Amino acid sequence: MKNFLTGRQRTLCSLRQRGKTSLSTLMCLAVFLTLSGFKTNVILAQLANSPWPMLQHDPQHTSRSHYQGPQSGYVKWSFVIGERVVLSSPSIGPDGAIYFGSHSGTIYAVEPTGTLRWTYQTGGPVETTPAISAKGTIYVGSGDGKLYAIKPEGKLEFTFETTSPIDSSPTISPDGSICFGSGNGKLYSITKFGDLGYGCHTYGPIVYSSPAIREDGVVYVGSHDYRLYAIGRHGAIRWDYQTKGFIDASPAIGPDESVYFTSWDGNVYALRPDGSLKWKYPIEGGPIYSSAAIASDGTIYVGSCNGILYALASNGQLKWSYRIGFEKIYSSAVIDSNGTIYVSSLDGLFAINSNGSLKWEYRGFHTKSSPALGADGTIYVCTTDGKLYAMGDKRSEK
């Protein structure tokens, strides 16, 4: 949680740790700052305190979990969705419920035991990954051009309408706003009450990319004009960086605020916070759909259309690569607390050790969605055969 602290919070924590002020003094100071118009930006008041509350786990899209993943590829259960293709990736609520969307426009809430909790019907295909707030509201975009805010019990809280389909998964900012792209080329930021904060128009016709958000509120997002954008808190474009292909994948932000992303031009890019190129790494095999994941040691993991998972050092040098198959990898990787990488593809689900060796594999399904890791070590993934799979260790069934 320390990565999300503001400068004021760090000062308060530092004073408290040094014993220079009492807890009551700190509380009074916090109240004074709030009444004076300052925001303390306590992250617990914004994003759900759950094992996997949104696409790629957190606003920086690190895809890094605090929990250990399964040590074997055992199917605990599967929930039959009844549709042939499910592209939405699952999110996990504070109580372990799993949320995802479907091509028919249905949003599903499934119990951690594999039984249905509720469904909610939208007006278009749902290919986005839900984002869950601290109060349990589920935010998800639909092909009908609306962002839906669904209460934990499955009732509608509000909708926010754009003019085009929403295929960009929403991201909950540290200040509680919800950011997402639309098929009209805009990045939207709305409040938790459904009011428009800003709509920033990129030069591209479509924004599929899910925005990544820095601690200070700067948003990074890709567009179909081949550019990655850095957008300020009030919607002004700070800079853009042009590649030679669509940027559909979500950017990820490193601990030094470098931003990592992939492009259809076959490159993995690393940019400095000012938008200058740090390095780029070319990957053979066509476009890259997979988003980057960042390990605690700074290693960047990216899957490619050539069926290979790449591990790149923070300086852009190749550490290792592992062929998981010959099918395309659409998903972003999940990194557990031990550094194990879990990645799914049209070949199945794979667990790779941090040294590049195989831990286990399961080839019983095909998927284009990214996995989500639960607190009990269960991996959840939606598949193209219309199922939600729960993968865990056999010992967890005892």
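Above this note sits the structure.
Residue numbering note: each chain is counted from 1, following its sequence as written. Reporting of local features is limited, given that this is a predicted model, to residues whose pLDDT is at least 70; pairs of side-chain atoms are given and counted only at 80 or more, and all residues count toward the totals for whole chains, interfaces and linings. As a rule here, side-chain values cover all heavy atoms of the structure and leave hydrogens and water aside.

Asker: Talk me through the sheet that holds strand β16 (residues 227–231); I want residue IDs and the actual numbers.
Answerer: Strand pairing requires that DSSP identify at least two bridges connecting the strands. A run of H or I in DSSP becomes a helix once it reaches four residues, and a run of E becomes a strand once it reaches two; helices and strands are each numbered from the N terminus. If you walk across this open sheet you meet the four strands as β14-β15-β16-β17, and the pairing is antiparallel. Strand pairing shows two members of the sheet lacking a second neighbour, β14 (212–213) and β17 (237–242), which therefore form its edges. For β14 and strand β15 (residues 219–222), the ladder comprises two bridges, and the chain directions are antiparallel. Following the sheet pairing, I213 is matched in β15 by V219.

Asker: An account of the pattern of salt bridges is requested, with residue identities and associated values reported.
Answerer: Take a side-chain nitrogen of Lys or Arg and a carboxyl oxygen of Asp or Glu: if they are within 4 Å of each other, that pair is a salt bridge. Counting across every chain of the model gives 13 salt bridges. Here R214 and D216 are joined by a salt bridge, their closest N and O atoms 2.7 Å apart. Taking the shortest distance from any N to any O, the salt bridge between D256 and K278 comes out at 3.2 Å. In this pair, D256 sits in the loop between β18 (252–253) and β19 (259–262) while K278 sits in strand β21 (residues 277–282), placing the two residues 22 residues apart along the sequence. Residue burial is assigned from relative accessible area. The probe radius is 1.4 Å, only protein chains are included, and a residue is buried under 20% of its type maximum, exposed over 50%, and partly exposed in between. Residue D256 is classed as partly exposed on the basis of its relative accessible area of 44%. Here the salt bridges share partners, and the residues they tie into one network are D95, E111 and R117.

Asker: Got a sec to walk through the packing of aromatic side chains? Specific residues and values, please.
Answerer: Aromatic rings in a pair are described by how distant their centres are and how their planes are angled relative to each other. The criterion for an aromatic pair is that two Phe, Tyr or Trp rings (for Trp, the six-membered ring) have centres within 6.5 Å, with stacked assigned to planes under 30 degrees apart, edge-to-face to planes over 60 apart and tilted to the rest. A full pass over the atoms with the stated rule returns 23 aromatic pairs. Between the aromatic rings of Y220 and W239, the centroid separation amounts to 5.8 Å while the plane-to-plane angle is 45°, which identifies the pairing as tilted. Residue Y220 is located in strand β15, and its partner W239 is located in strand β17; the two are separated by 19 residues in the primary sequence. Aromatic pair Y226 and F246: ring centres 5.5 Å apart, planes at 65°, arrangement edge-to-face.

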